[in-house]
Amino acid sequence: MAEYDILTIIFSTFISGYLAGFMTVKTNHILVIALGKIWTSGNGQQRYIPVGAAISAVYLGLLISVVKDFEFHFYLLLFLAFVGLYVAGVKHSTKRFGDSIEIMEKIIELTYLLDKNDEKQKQAVSDAQDFSKEILMTMPPSIAEALLLLFFFFDSAFAVFFVNLINGRFTLQRFIDLSKNEQRDYIEAWASNPFLFVAIQAIKGLIGFSYYTGKNTWDGIEYNGKMLRNSYLA
Amino acid sequence: MPKLNVETSYSKNWTESPDVCIIGTGAAGCVLAYELSEKGKTVVMLERGNHYTVDDIRKIVREEDLSKFWKNRAVFLSRNYSVNIAQGECVGGSTIINYGICFEIPQAVLSYWNVAFGLDIASRDLQDAYNQVREKIGISTLKEEDAGESHKKLQDGCKKLGYSSGWMDKAYDSAKKEKHNAMTAYLEKANPERVKVFANCTADKVVVKNNKVQTIKGFTYNEQTKQSYTVTVNPKIAIISAGPIASSEILLRNKLANSNDQVGKHLSLHPSTSVIAMFDDKINGDEGMAMAYYCDEFSVRKTNKPGFMIESVFVPPSQFSIAIPSFGEKNYEYMKKYNHCAMAGILVHDEPSGTISLNWGDRAVVDYNLSTMDQYKMLDGLKETARIFFRAGARNVITGHIKETVLWNETELRLIEMRGAGMGSLQIQSVHPQGGNRMGNDPSNSVVNPNCRTHEIENLYVCDASVFPTSIGVNPQFTIMAIATIVSKHINEKYF
């Protein structure tokens, strides 16, 4: 055992198990989008089990071939630790992805709730949040997945860091942790960036449609709902 | 008055043995069902969407509920996310959600189909069919006073420039001020003892034996009981009228009529984008019609070659906010000018360069890119539309580019060219997909013959815009219904 640094092995087991789990989820999202498959990440979770089993088996094989003189129970403990951390990685990644809906709701609130004391506006924002979720549920899964991944990326500290850096600001926080003004500046930075405005257009399409669909938004733009009737009936 | 015989929720399996089974209840399906049943045929229709009467539509107050009439709630993006293709998915199909605009197929297109694909659709047959549809669905030319101010802006500009233009023909009752659709004009008038509709039923499996469709299986799901049921249809004749994309999807999924690998090929989309013109005065576009005036100066109707149509349009705020560039508060500032705006859509008479294929989940995926030629047409269309609005007195004009593009006078039109029309430059919509199951005389390069019967399967027809060999350059509903009239006549004469 002296040939190996036991701490290095334990540490690399923990890191690789967790990263394998986290990246399995991310790879799954990319696959769903790229291949246009019908499975959502929700159904895809069942695929994490065979993928996890395969990755764990590869890990065990590598461990046994590289480290030849461990006791059996040590192999077992490391293997179980790997599996446990794989599951933790999957769960964390899935949870972060699940935050995408919350991020979408935040963007709607930030974009349209200009006066917190305006009950009608509050209701309009709440309607838009509900409706945008409804739309996501009925979209082809590959497109919904792409949008959710976009929200996930939009929120990530990684994106916040780089987009703000382009605009000469240093920020190492997720979007939802920024102050209101910082959030507004960040959205503006996306909208004015020649490479990112196409992405923000997709977000705008979803939230804009959801918002102005609601009756509570119509007074502000002097619309009486007649056009809607005319579109379908007149 | 006959009442529509329709099932919308299920608690048992169904088995039917009609003369004809039609998949899809859109513009073509409704005409076929009516015309065939009038000659005594029994018809079963399978419709994936739900059934809503006009009264149901009247009662709906939430716009989000209206989006249920659309396939995927109106979000169906091409694989590269560059074009959104909107289609109806309910009994009546796209005729429930569109504006009922009717144009005859331009003569130049018909001549090209004849020369290139050997389609000798006799002008007289087609004219008879158009007349029959015109009478049934009640087409009238829109009147200036009914249309609304926003549409008059396009008229003003066209007149000042001397461009060929006019008020549209529409399936419309001008006395009641009501649009007609295929469901009310045809399906609801069919004998309910002969026509049965299974709504909320997805036609999935088409079983062929001895080169004949033997069985069509539809699947239904009861949300309340969480039970699945089947609708099994054993027809003498099968007609797929599920609309472009879905019709190809059914053929591809069941590996039918595709030994020449032509199913899903030659798809056109009539890609369109919008131009919004802001005026100093309030013009209250929301008081008028959704679509009313056209300019065909640059279209095949006038030039005999593919170009573009300009059509005045006005949309509810939810769609308007997407068409307007910018985000957040800036977008809201534009939205406050909603009632000062006129809009027009540019409809490009595109090349049939798209394809439909199946993804791993056996669902249709559309691959489509604007060809270089079509990009030029789109840019010319944007420039001409902006020019028309400036001549009509617009304060500024906003193009459908994703990057905010606001023009303040005609000298700035070249900015449109600078912005381009390539992928990611423009917001592009399609509401007129056509092609995918090309009609032609030559079985090696087409899917159906000039009677819309598949070359390969004796009793299988495809009848909807998917059989168009090329796009037709104008709104296709009228022509789809006319061709369905001709096909129903053919089936009535040939069979039983």
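Throughout what follows, the structure given in this document is the object of discussion. (Residues numbered from 1 in each chain as written. Chains lettered and ligands numbered in written order. Predicted model: local features only at pLDDT ≥ 70, side-chain atom pairs only at ≥ 80, totals over all residues. Heavy atoms only, no water.)

## Quick notes on the overall build of chain A
Broken down by element type, chain A carries 9 helices and 0 strands. Each helix and strand of chain A, placed in order from N terminus to C terminus, yields the pattern α-α-α-α-α-α-α-α-α. The C-alpha atoms of chain A give a radius of gyration of 23 Å, which is well past the 17 Å a tight globule of 234 residues would have. Dimensions along the principal axes, computed over C-alpha positions, put chain A at roughly 80 × 45 × 35 Å. Taken across its 234 residues, chain A has 49% of its residues classed as buried. Considering only residue pairs separated by 6 or more positions, chain A has 67% of its internal contacts joining residues 24 or more positions apart. Split by element, the accessible area of chain A, about 11300 Å² in all, is 67% carbon and sulfur. (Helix = DSSP H or I, 4+ residues; strand = E, 2+ residues; numbered from the N terminus. Rg over C-alpha atoms; globule rule 2.2 N^0.38 Å. Buried < 20%, exposed > 50% of the residue type's maximum accessible area, 1.4 Å probe, protein only. Contact = heavy atoms within 4.5 Å. Areas by Shrake-Rupley, 256 points an atom, 1.4 Å probe, with all protein chains shown as cover.)

## A closer look at the overall build of chain B
When its secondary structure is counted, chain B shows 16 helices and 27 strands. Here the C-alpha atoms of chain B give a radius of gyration of 22 Å, agreeing with the 23 Å that 2.2 N^0.38 yields for 496 residues. Overall, chain B is about 65 × 50 × 45 Å in size when its C-alpha atoms are taken along their principal axes. Put simply, chain B has 496 residues, and 63% of those count as buried. Within chain B, counting contacts between residues at least 6 apart in sequence, those at least 24 apart form 74% of the total. Entry remark: accessible area of chain B is about 18300 Å², with carbon and sulfur atoms responsible for 46%.

## Quick notes on the packing of aromatic side chains
Residues and elements named next belong to chain B. Taken as a whole and assessed by the stated rule, the structure comprises 35 aromatic pairs over all chains. When the centroid spacing of 5.8 Å and the interplanar angle of 90 degrees are considered together, the rings of Y112 and F117 count as edge-to-face. Consider the rings of W167 and Y293, whose centres lie 4.7 Å apart with planes at 75 degrees: the pair is edge-to-face. Taken as a pair, W167 in strand β8 (residues 165–167) and Y293 in strand β18 (residues 291–295) lie far apart in primary sequence, 126 residues in all. For W167, a relative accessible area of 15% translates into the label buried. (Phe/Tyr/Trp six-rings, centres within 6.5 Å; stacked < 30°, edge-to-face > 60°.)

## Considerations on the interface of chain B and chain A
Taken together, the 60 residues of chain B in the interface contact 46 residues of chain A. Buried surface at the junction of chain B and chain A, summed over both partners, amounts to about 4800 Å²; 63% is from carbon and sulfur atoms. Considering only the side of chain B, the residues that lose the most area to chain A are R73, F327 and W360 of chain B, jointly responsible for 15% of the buried surface there. Seen at the junction of chain B and chain A, the total is 2 salt bridges. The partner of K226 of chain A in a salt bridge is E287 of chain B, and the shortest N-O contact between them spans 3.3 Å. Between the two partners, chain B and chain A, sit 10 residue pairs in polar contact (both at pLDDT 80 or more). (Buried area = accessible area lost by both parts, 1.4 Å probe. Salt bridge = Lys/Arg side-chain N within 4 Å of Asp/Glu carboxyl O. Polar contact = N/O pair within 3.5 Å; in protein donor to acceptor, adjacent residues only side chain to side chain.)

## Here's the deal with the sheet that holds strand β12 (residues 201–209) of chain B
All names here are of chain B. Read across the sheet, 4 strands follow the order β2-β14-β13-β12 without closing on themselves; strand pairing throughout is mixed. Across the chains shown, the open sheet's two edge strands, defined by having one partner strand only, are β2 (14–16) and β12. Strand after strand, the sheet turns through a mean of 20 degrees between neighbouring axes, direction not considered. Note that strand β13 (residues 212–222) and strand β14 (residues 227–233) share 7 bridges and pair antiparallel. Note that in β14 the partner of Y221 across the bridge is S228. (Pairing = 2+ DSSP bridges. Axes fitted to C-alpha atoms, helices over the stretch in contact; angles between N-to-C directions.)

## Considerations on the pattern of salt bridges
Enumeration according to the criterion identifies 32 salt bridges over all chains in this entry. Between K120 of chain A and D219 of chain A there is a salt bridge; the shortest N-O distance is 2.6 Å. Pair noted here: K120 of chain A is in helix α4 (residues 119–138) and D219 of chain A is in the loop between α8 (197–213) and α9 (226–232), with a separation of 99 residues, a long-range link. Overall, the relative accessible area of 39% leaves K120 of chain A in the partly exposed class. With a shortest N-O distance of 3.8 Å, E89 of chain B and R48 of chain B are connected by a salt bridge. Here the residue E89 of chain B occupies a position in the loop between β5 (83–85) and α4 (94–97), and R48 of chain B occupies one in the loop between β4 (43–46) and α2 (54–59), the gap between them amounting to 41 residues. Among the residues examined, R48 of chain B registers a relative accessible area of 38% and is labelled partly exposed. Among the charged side chains, a salt-bridge network with shared partners connects K95, D99, D155 and R174 of chain A.

## Side note on the sheet that holds β4 of chain B
Residue and element names in this part refer to chain B. If you walk across this open sheet you meet the 6 strands as β1-β11-β4-β3-β15-β27, and the pairing is parallel. The strands lining the two open edges of the sheet, one partner per strand, are β1 (6–7) and β27 (460–462). When strand β15 (residues 237–240) meets β27, the two strands line up parallel, connected through 3 bridges. Of the residues in β27, the one forming a bridge with A238 is L460.

## Structural notes on the packing of helix α6 (residues 123–137) of chain B against helix α16 (residues 477–494) of chain B
To describe two helices that pack against each other, one gives the angle between their axes and the distance between the axes. Residue and element names in this part refer to chain B. Packing of α6 against α16 brings their axes to within 8 Å, and their N-to-C directions diverge by 110 degrees. Between α6 and α16, the crossing angle belongs to the class labelled roughly perpendicular. Two packed elements cross with a definite hand, and for α6 against α16 that hand is right-handed. On the side of α6, the interface is formed by D125, L126, A129, Y130, Q132, V133, R134 and I137, while α16 contributes Q477, F478, T479, M481, A482, T485 and I486. Looking at the contact of α6 with α16, its residues break down into 9 nonpolar, 4 polar and 2 charged. (Parallel < 35°, antiparallel > 145°, perpendicular 65-115°, else oblique. Left-handed = near helix turned anticlockwise from the far one by under 90°. Nonpolar A, V, L, I, M, F, W, Y, C, P; charged D, E, K, R; others polar.)

## Let's talk about the packing of helix α8 (residues 149–161) of chain B against helix α14 (residues 372–391) of chain B
Residue and element names in this part refer to chain B. Running from amino to carboxyl end, α8 crosses α14 at an angle of 95 degrees, the nearest separation of the two axes being 7 Å. Relative to α14, the element α8 lies roughly perpendicular. Contacts between α8 and α14 pair K153, L154, G157, C158, K160 and L161 from the former with R387, I388, F389 and R391 from the latter. Classifying every residue of the contact of α8 with α14 gives 5 nonpolar, 1 polar and 4 charged.

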